[in-house]
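Chains, contacts and geometry: an overview
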Amino acid sequence: DTAVSQTPKYLVTQMGNDKSIKCEQNLGHDTMYWYKQDSKKFLKIMFSYNNKELIINETVPNRFSPKSPDKAHLNLHINSLELGDSAVYFCASSQDYRGGDSGNTIYFGEGSWLTVV
Amino acid sequence: GNSVTQMEGPVTLSEEAFLTINCTYTATGYPSLFWYVQYPGEGLQLLLKATKADDKGSNKGFEATYRKETTSFHLEKGSVQVSDSAVYFCALSRRGYQKVTFGTGTKLQVIP
């Protein structure tokens, strides 16, 4: 069973379109994340939810809107796609962002490759 | 604030060579330190971690020791294989903090 699964894996779409990426985790974790990875492999946090509550909202255009219907799901909707949105988007989860004695280990999905043309 | 600095890549090595990827950090208190690996076309996965000073994390022949005196967590492997070709990320987390801080990643290419 895949621990963190996201769909679609590949997405090619035209500028101006609206698209969504879905994510589910079956690890029983409380915290979920969206990261963006650019072509140089730089990883940037976008959003984080803990038990459906938004706890991180980085400087991201408001065209990006996360939605967490329950703590096992965190979807990402993007309006009016731009060329610069082309990247790999990773969904991830962790037991609890507060960590503990063993630290905050992040579990990543396989990524969604978004290409805007 | 917290930060992680790791050596720039790409690093190109011949098979069976010794690998070191440097990582230093800035954080107050006692962060937990991690190495993640990203194979081509995949997501990041935990390679190893250490949660307190002088701890050594190890996995798949890779090792890293948490050195508080030098604020470092260098990744080493005695003999790399072609299958180790990937991007390696150093990271830290602090208890109670919302964000995990990642380094910029170091690409490793191992040639036969």
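Described in the following lines is the structure provided in the data block. Because the structure is a prediction, the values reported are computed rather than measured.

All chains considered together, the criterion is met by seven salt bridges over all chains. Measuring nitrogen to oxygen at the nearest pair gives 3.6 Å for the salt bridge that ties B:E63 to B:K56. The network of salt bridges with common partners includes A:R63, A:E82 and A:D85.

Attention now goes to the state of the cysteines. The full count for this structure, using the stated rule, is two disulfides over all chains. The disulfide partner of A:C23 is A:C91, and the S-S distance across this bridge is 1.8 Å. As the torsion about the S-S bond is roughly -80°, the A:C23-A:C91 disulfide counts as left-handed. With a gap of 68 residues between them, A:C23 in strand β3 (residues 19-25) and A:C91 in strand β9 (residues 87-94) connect regions that are remote in the sequence. Among the residues examined, A:C23 registers a relative accessible area of 1% and is labelled buried. Judged by its relative accessible area of 0%, A:C91 is buried. Two residues, B:C23 and B:C90, share a disulfide whose sulfurs are 1.9 Å apart. Across the S-S bond linking B:C23 and B:C90, the dihedral sits near -70°, which makes this disulfide left-handed.

We now examine unusual backbone geometry. Here A:T7 and A:P8 are connected by a cis peptide whose omega angle stands at 0°. Locating A:P8 in the fold gives a position in the loop between β1 (4-7) and β2 (10-13). Cis geometry is adopted by the peptide bond preceding B:P10, which originates at B:G9 and carries an omega value of 0°. Residue placement: B:P10 occurs in the loop between β1 (3-6) and β2 (11-14). In this structure, A:S80 takes a positive phi of about 45° despite not being glycine. When its relative accessible area of 38% is taken as the criterion, A:S80 is described as partly exposed.

Bringing the pairing of strand β7 (residues 64-70) of chain A into the picture now. When β7(A) meets strand β8 (residues 73-78) of chain A, the two strands line up antiparallel, connected through five bridges. Within β8(A), the position partnered with A:K67 by the bridge is A:N75.

All names here are of chain A. Pairing in this open sheet of four strands is antiparallel, and the strands run β1-β3-β8-β7 from one edge to the other. If you trace the sheet from one side to the other, it starts and ends with β1 and β7, each paired once. Pairs of neighbouring strands in the sheet enclose a mean axial angle of 20°, with direction left out of account. As judged from the four bridges shared by β1 and β3, these two strands associate in the antiparallel manner. Residue pairing in the sheet places T7 in a bridge with K22 of β3.

With that out of the way, let us pick up the packing of aromatic side chains. Counting across every chain of the model gives 13 aromatic pairs over all chains. Ring centres of A:F108 and B:Y36 lie 6.0 Å apart, and the angle between their planes is 85°; this geometry places the pair in the edge-to-face category. Of the two residues, A:F108 is situated in strand β10 (residues 107-108) and B:Y36 in strand β5 (residues 32-38); the pairing between them involves two chains. Considered together, A:F108 and B:Y36 belong to a single accessibility category, that of buried residues. Each ring, one from B:F62 and one from B:Y88, has its centre 5.6 Å from the other, and the planes form 40°; the classification is tilted. One end of the pair, B:F62, is in strand β8 (residues 62-65); the other, B:Y88, is in strand β10 (residues 86-93), and 26 residues separate them in sequence.

Reading the values: rules and limits
- Residues numbered from 1 in each chain as written.
- Chains lettered and ligands numbered in written order.
- Predicted model: local features only at pLDDT ≥ 70, side-chain atom pairs only at ≥ 80, totals over all residues.
- Heavy atoms only, no water.
- Salt bridge = Lys/Arg side-chain N within 4 Å of Asp/Glu carboxyl O.
- Disulfide = S-S within 2.5 Å.
- Helix = DSSP H or I, 4+ residues; strand = E, 2+ residues; numbered from the N terminus.
- Buried < 20%, exposed > 50% of the residue type's maximum accessible area, 1.4 Å probe, protein only.
- Pairing = 2+ DSSP bridges.
- Axes fitted to C-alpha atoms, helices over the stretch in contact; angles between N-to-C directions.
- Phe/Tyr/Trp six-rings, centres within 6.5 Å; stacked < 30°, edge-to-face > 60°.

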